[in-house]
Amino acid sequence: MLTQTFKPNLIALSVIAGMLSSTSVSAKTEQTQDIETISVLGKTYRNTATKTSLEPEETPQAINVIDSEDLEAHGVKTLNQALRYTPGVVAEQRGGSVSMYDTFRIRGFDVSTNYYDGLSLPASYGFLQPQIDPIAVQQVEVFKGPTSVLYGSMAPGGMVNMIAKSPQTESSTDVGVATGSRNLMEASIDSTGQIGTSDFSYRFIGLARKQDSQVDSIEEERYVIAPSVDWQVSDNTLINFNLYYQNDPSLGLDSSLPAVGMFIDSPQGSTSPSTFVGADDWSKFEREVLMVGYKINHDFGNGWNFLQNARYIDASTYREDTYYTQVDTMTGDLNDMTAYSIDQDHKGFFIDNQLSKTFMTGDVEHNALFGFDYQRQKGSMLDTTYYDKTYVVNIFNPNNDYIDRNNLGTGTEFDNSIELEQIGVYLQDQIRINNLVLIAGGRYDNYTSDETSYGTDFEADHSNFSYRVGGLYELGNGFSPYLSYATSFEPAAGTDSSGNSFDPQIGKQFEVGLKYLSMDMSKQFTMSYFHIIKEDSLLPDANNYPFKIQVGEIVSQGVEFEGTWYATDSLDITTAYAYTDAEVTEDVNPDLVGTTPIYVPTHAASVWANYFFYDGALSGTRASAGVRYMGEMEVNAENTQGKVPDYIVADLSFGYDLSYLSESMTDATANLVVTNLFDEDTYTCYDINNCWYGAERTVELNFNYNF
């Protein structure tokens, strides 16, 4: 029942009461919102897909943009949650209760590296993946298909970039508090403005959140501080300094459960989204992330512009957990349960230099771009210890008091590490000839890595050339057909069991589509067909752990649609649909040829609607509702263990401008967000013994005050 999951916190409510008693108010104007957009996408930032000024509707590529209003209405706490309504994306691969990773698939391919303000976040190494909390994000961009020509190594399905909130010259401070399901306590601040009459503007973002996990006996806790400063050195030079610090004392757990008792019936009983099979005295997951960066944007005049974007990152995690190797499907016993601990750290430096020039050759407009980027990363899993004492835990009646810290058995230690370096040089020209937009670019990468994994050394030294070409024609009636061809590049570190080095994993995509934007801008959509081939994919070597084999080819093709209709001044509707046909077409294992990879549904669809009340008793109210459908997915890579059931989930969201209640509450708003309204059980699986529950019903009530 809703009343069982929603427990307002007295501390949060007392803070709300204090906020709402204030009479010092100032309205948010449309001018402030316009300034925000200019600052994010203007002087220190360009469109991510092209690193030019092309708008999404002008770009020959499928692009989905999730703006701040959508993030707020959906009540997202992670990037995974932000992507729930994006066509062609399968988010939350480890279920809704696993919130510490932002890993997902786009167009059938894994994406493990995300981007924050155009620079990559370190790819997952072991259990370490830095996250950016949505409190610091202005909008999310999802680019479909290969974008290696500008960013180097990445999956062929696409990339996701989060645009950071940036300093504004207009003063504004938002203070928020929230309470809700599982004893949620949250407080936040977002303040920006010019510093006196100086050439400096600031932004300060802070967050504190604590909540019980969906899984019994586990908590989630987070603290974020993200200050940034803009220095307008001159009319032609802007420098931005930024810092992001996040401390997660408790990340929850990502432990799996077998499908038996979930969507496979068992005479012994069933599990639930709250089932915990870990040990009360041996379940810990902590993470700390520090990022320091700067941007320099200088306009030389005569069409020349230079942008340098750099960041240093230092991240660490510590984890204590358990894992099992055998499942008794008749009794529900997890056999050979053992304990392990991992201490990780990751350091990296990333820099991107962009020199652009706009010029005309006759009636042809050019926007040429030359870029050079570099990254160096070093990660380690220190004191990785696996203990040999084994335990048995029954999933239907778990006893979580089974580990004695002083009696774990004999520990086997490993020190794993990786060092990598990548240098990329790229060139691109964006050409406009009246209504025709052409784009072409090429990139050369050199990637080297040195990895030690469980006592085995792996090295890689790859050079690769990536390219893309595309064209879009604006027909003049709102329709713009486009087509593109692009390649991607993913390094493949290490060797096989015979000592043979791997080749880079190469992706190729052909895409053709149609974009539409009506003259009154009330209707817009993008419809696309794509065909992707990924060659030389790496797969685990079942006979020689931890080695891999490089034999695979995967083909993914399909159709995607996303459209928005502003039906009236009060009502807007967004719909999305994706059809994906993914298949392993080549493999050394003949049993895998013809199979569909896991986490790839054939059909997925969603709809979201917002209605704004401007008159009557409900004036000042926003009512939103959405429905998400996710089709069946394969349980395991060999397609021999059945299907993960499809599901339909409904979400609700309500916003209210409290000034309609009382003039003393001007600039105060309240939001109620309900996800998974009917508390449907949903699932994802890696194989039949490793599955996760999706997010159960959650309710959040938050209040925000602006001054």
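This text goes with the structure placed above it.
The present account deals with the structure reproduced in this document. (Residues numbered from 1 in each chain as written. Predicted model: local features only at pLDDT ≥ 70, side-chain atom pairs only at ≥ 80, totals over all residues. Heavy atoms only, no water.)

Brief notes about the overall build of the chain
Point 1. Check the secondary structure of the chain and you find 6 helices and 36 strands.
Point 2. Over its C-alpha trace the chain gives a radius of gyration of 25 Å, about what one expects of a compact globule, namely 27 Å for 707 residues.
Point 3. For the chain, the C-alpha atoms occupy an extent of roughly 70 × 65 × 45 Å along the three principal directions.
Point 4. A burial count over the chain gives 54% of its 707 residues as buried.
Point 5. At a minimum sequence separation of 6, the contacts of the chain that also span at least 24 residues come to 67%.
Point 6. Only carbon and sulfur atoms are counted for the fraction: they give 54% of the accessible area of the chain, which is about 29400 Å². (Helix = DSSP H or I, 4+ residues; strand = E, 2+ residues; numbered from the N terminus. Rg over C-alpha atoms; globule rule 2.2 N^0.38 Å. Buried < 20%, exposed > 50% of the residue type's maximum accessible area, 1.4 Å probe, protein only. Contact = heavy atoms within 4.5 Å. Areas by Shrake-Rupley, 256 points an atom, 1.4 Å probe, with all protein chains shown as cover.)

Topic: the sheet that holds strand E5 (residues 115–116)
Point 1. Strand order in this open sheet of 5 strands is E1-E7-E8-E5-E6, and the pairing throughout is mixed. Whereas interior strands pair on both sides, the edge strands pair on one side only; in this sheet they are strand E1 (63–66) and strand E6 (119–120).
Point 2. Pairing between E1 and strand E7 (residues 137–144): 4 bridges, direction antiparallel. Looking at the pairing, isoleucine 66 lines up with valine 140 of E7. (Pairing = 2+ DSSP bridges.)

Details of a negative patch on the surface
Point 1. A grouping of Asp343, Asp383, Glu413 and Asp415 is seen on the molecular surface, where their side chains present a negatively charged patch.
Point 2. The class of aspartate 383 is partly exposed, set by a relative accessible area of 41%. (Patch = residues over 30% accessible without salt bridge, like charges linked within 9 Å, V, L, I, M, F, W, Y side chains within 5 Å. Salt bridge = Lys/Arg side-chain N within 4 Å of Asp/Glu carboxyl O. Lys, Arg positive; Asp, Glu negative; His and termini not counted. Charge placed at Lys NZ, Arg CZ, Asp CG, Glu CD.)

Focus on a nonpolar patch on the surface
Point 1. A contiguous nonpolar surface patch, about 710 Å² in accessible area, is contributed by Phe300, Trp304, Leu355, Phe370, Phe372, Ile423, Val425 and Leu427.
Point 2. Mapped by element, the contributors of at least two residues to the nonpolar patch are strand E18 (364–387) and strand E20 (411–433).
Point 3. Top contributing element to the nonpolar patch by residue count: E20, with 3 residues.
Point 4. Considering the arrangement of structural elements, one finds tryptophan 304 in strand E15 (residues 304–323).
Point 5. A residue is classified by how much of its surface remains accessible, and tryptophan 304, at 37% relative accessible area, is partly exposed.

So, the state of the cysteines
Point 1. The full count for this structure, using the stated rule, is 1 disulfide.
Point 2. A disulfide bridge connects cysteine 685 with cysteine 691, and the sulfur atoms are separated by 2.1 Å. A torsion of 105° about the S-S bond marks the disulfide between cysteine 685 and cysteine 691 as right-handed. (Disulfide = S-S within 2.5 Å.)

Concerning the environment of threonine 384
Point 1. Within the secondary structure layout, threonine 384 lies in strand E18.
Point 2. When its relative accessible area of 0% is taken as the criterion, threonine 384 is described as buried.
Point 3. Along the sequence, threonine 384 and threonine 237 sit 147 residues apart, while their C-alpha atoms lie 48 Å from each other.
Point 4. Ignoring any residue separated from it by four or fewer positions in sequence, one finds threonine 384 in contact with Ser341, Ile342, Thr412, Glu413 and Phe414.
Point 5. At a separation of 3.2 Å, a polar atom in the side chain of threonine 384 contacts the main-chain carbonyl oxygen of methionine 381. (Polar contact = N/O pair within 3.5 Å; in protein donor to acceptor, adjacent residues only side chain to side chain.)

Structural notes on the pattern of salt bridges
Point 1. All chains considered together, the criterion is met by 34 salt bridges.
Point 2. Among the salt bridges present, the one from lysine 295 reaches aspartate 117, with a minimum N-O distance of 2.6 Å. A residue pair is termed long-range when its members are at least 10 positions apart, and lysine 295 in strand E14 (residues 284–301) and aspartate 117 in the loop between E5 and E6 qualify at 178 residues. Both residues of the pair, lysine 295 and aspartate 117, belong to the buried class.
Point 3. Residues arginine 319 and aspartate 254 are paired through a salt bridge, measuring 2.4 Å at the closest nitrogen-oxygen approach. Note that arginine 319 is positioned in strand E15 and aspartate 254 in the loop between strand E13 (237–251) and E14, a separation of 65 residues in sequence. The exposure classification of arginine 319 matches that of aspartate 254, with both residues buried.
Point 4. Salt bridges here are not isolated pairs; linked through shared partners, they connect Lys77, Asp133, Glu186, Arg209, Arg222, Asp248, Arg287 and Glu700.

Some thoughts on unusual backbone geometry
Point 1. Positioned with a positive phi, asparagine 183 is a non-glycine residue whose angle comes to about 60°.
Point 2. Here asparagine 183 lies in the loop between strand E9 (172–180) and strand E10 (184–194).
Point 3. The partly exposed category is assigned to asparagine 183, whose relative accessible area is 33%.
Point 4. Within the chain, serine 217 stands out as a residue other than glycine whose phi angle is a positive 75°.
Point 5. As for its placement among the helices and strands, serine 217 is situated in the loop between strand E11 (200–212) and strand E12 (219–234).

By themselves, these are just geometric observations and shouldn't be taken as functional.
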